[in-house]
Amino acid sequence: MALRGLAASGPSSRGPLDEAVAAAEERGAPAVLATGGAPEDDEEDEGRGRGLLRWDGFSAWLHCVCVVGFDLELGQAVEVIYPQHSKLTDKEKTNICYLSFPDSNSGCLGDTQFCFRFRQSSGRRVSLHCLLDHYDKDLPVYLKKDPAYFYGYVYFRQVRDKSLKRGYFQKSLVLISKLPYIHFFHTVLKQIAPEYFEKSEPYLEAACNDVDRWPAPVPGKTLHLPIMGVVMKVRIPTCHDKPGTTQIAQLTQQADTHISVILPTVHEVDLFRCFCPVFLHSQMLWELVLLGEPLVVMAPSPSESSETVLALVNCISPLKYFSDFRPYFTIHDSEFKEYTTRTQAPPSVILGVTNPFFAKTLQHWPHIIRIGDLKPAGEIPKQVKVKKLKNLKTLDSKPGVYTSYKPYLNRDEEIIKQLQKGVQQKRPSEAQSVILRRYFLELTQSFIIPLERYVASLMPLQKSISPWKSPPQLRQFLPEEFMKTLEKTGPQLTSRIKGDWIGLYRHFLKSPNFDGWFKTRRKEMTQKLEALHLEVLCEEDLLLWTQKHTEVETVDLVLKLKNKLLQADREHLPVKPDTMEKLRTHIDAIILALPEDLQGILLKTGMT
């Protein structure tokens, strides 16, 4: 593995930045340049106002930027890591090297964009950006970061170059991030990669300086993000947004002359383009993803494999897909042996692959989607058929869904007619995607509402919460008890689709997606109980209680109340601000009623 130093001067140097600014001015770019002339200076300076250190603003969005080239002696090699202090283990660098280039059989000439996801090395300490931890709680569950994984966003260029021994220029610019904002980072790469290949390291340094000036990725806030003379306007969704809506559209009524790019979404892919070859089977694929079944997407290129895997993961939104998924997976991946072994059942994972070798290696997997080249918007490929797995011999086999899975639900002919009509009328792919996304959303909501309703019933009654006892426990989730509720309050209330819903639920309750969903809901409800317990405590006359109890019991109460305050702050409990204030007032009043020597000790202990 080669890791060469950055040829340009260090990150504090202003020379290259000035060059890039001059170059941008020559191009007649908008007046938002790398030196930081943002449309909203107060917003851009927000990071500095928070007292952030150099590169803290950058770290809120990206872990690092890598340049991967092809060396005749070493093969794929990391040529540049920026900022230079960014840490990657050797195993992570190796993964980035192999995942940043298409397989040789893909034949990707020109520029190609795709995405990969890889496991963080177990040797490194999991350290998330402190600010991001704070913002993570307001994100929808499917956009929360997974601390064990990185995303890699790739812009790969392969062009003929007779001056090179190999005859081709091959290089990838790769953004490494914890954030699953696929559409956003692909848009960033479109803005900076083409010019980077022309101007090299000084340009990359200037772009990283721009990112370092960005405001933090706060959910729900409209952000203006300048990058090399272009300003992007984005809004990161929050967990309070109504599913299926985009807020940015309502914010674009005013004429923003300085805005160059408005992104209606940060994370969504073109759903219809990805599902187009298989839309007759989209409901079956929704079931397979929902149930966490092992699934392989065999595609001709990394861009098609990564888009399709991400579309599959996205189709059960607002549910989070809790198993592992790899938009682009290669034979060099550090988990290759783990995921291809025949000594145990295939794991719950979705893999996107392009190497023909996988047709043989993964032929024991139960569900394989083989897709051809994705057609441009407006064209419809021939619909693939569901075929028996034994018919899949090589990656050259015809496109199709190779599985013996029998769906639990009857196929919804209405959505198929609607999409086919759209194709005939040459409806734009974006509009088709909206229809398909709404269909998946309604299907997922119809499925999850009965579960939400039952889980809400496990919450103890508020009158059972006593200030002098620990908060009551949630009742246990009993599958059979839940099944009985479906007769009257099942998905038939909201969905027209018939079929074996009960069988689908039974299968789902054994899946990693149910396990992840229920753990999340249980944590939220336990935190709600803790918050209600705090509110009940605040309504008590605690001073009167202390008059009837010993000093030892009073000191014990003060320490417990201080712990409650710390817990509420640490776990971001859903407590009203005035409740916290009341509790602090109670603590102060109790301490002041104690002898002076105890007051001094308790005032020094923790926070009040």
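Reading the values: the criteria
Residues numbered from 1 in each chain as written. Predicted model: local features only at pLDDT ≥ 70, side-chain atom pairs only at ≥ 80, totals over all residues. Heavy atoms only, no water. UniProt positions renumbered as here; feature names shortened; annotations may be inferred. Phe/Tyr/Trp six-rings, centres within 6.5 Å; stacked < 30°, edge-to-face > 60°. Buried < 20%, exposed > 50% of the residue type's maximum accessible area, 1.4 Å probe, protein only. Lys NZ or Arg CZ within 6 Å of the ring centre and 35° of its normal. Helix = DSSP H or I, 4+ residues; strand = E, 2+ residues; numbered from the N terminus. Pairing = 2+ DSSP bridges.

For the chain, the name recorded in an unreviewed UniProt entry is Protein DENND6A isoform X1, with Panthera pardus as its organism. The UniProt entry for the chain carries the following comment under Sequence similarities (unreviewed entry): "Belongs to the DENND6 family."

What follows deals with the packing of aromatic side chains. Each aromatic ring pair is specified by the distance between its two centres and by the angle formed by the two planes. Counted under the stated rule, the structure contains 38 aromatic pairs. Taking 5.0 Å as the distance between ring centres and 65 degrees as the angle between the ring planes, the aromatic pair formed by Phe-184 and Phe-185 counts as edge-to-face. Accessibility assignment for this pair places Phe-184 and Phe-185 in one class, buried. Judged by centre distance (6.3 Å) and plane angle (70 degrees), the rings of Tyr-405 and Tyr-408 are edge-to-face. Look at Tyr-408 and you get partly exposed, because its relative accessible area is 22%. Through pairs of rings, three or more aromatic residues link up here, namely Trp-286, Phe-447, Tyr-454, Phe-477, Phe-482, Tyr-505, Phe-508, Phe-514, Trp-517 and Phe-518. Here Lys-178 stacks its cationic end above the ring of Phe-150, 4.4 Å away from the centre of that ring.

Quick look at the pairing of strand S4 (residues 149-160) now. Walk down a regular strand and you will see the side chains alternate between the two sheet faces. Across the twelve residues that make up S4, a large majority, ten, are buried. As judged from the ten bridges shared by strand S3 (residues 110-119) and S4, these two strands associate in the antiparallel manner. Looking at S4, one finds that Asp-111 is bridged to Arg-157. Direction of pairing for S4 relative to strand S5 (residues 168-177): antiparallel, over a ladder of ten bridges. The residue of S5 that forms the bridge with Val-154 is Val-174.

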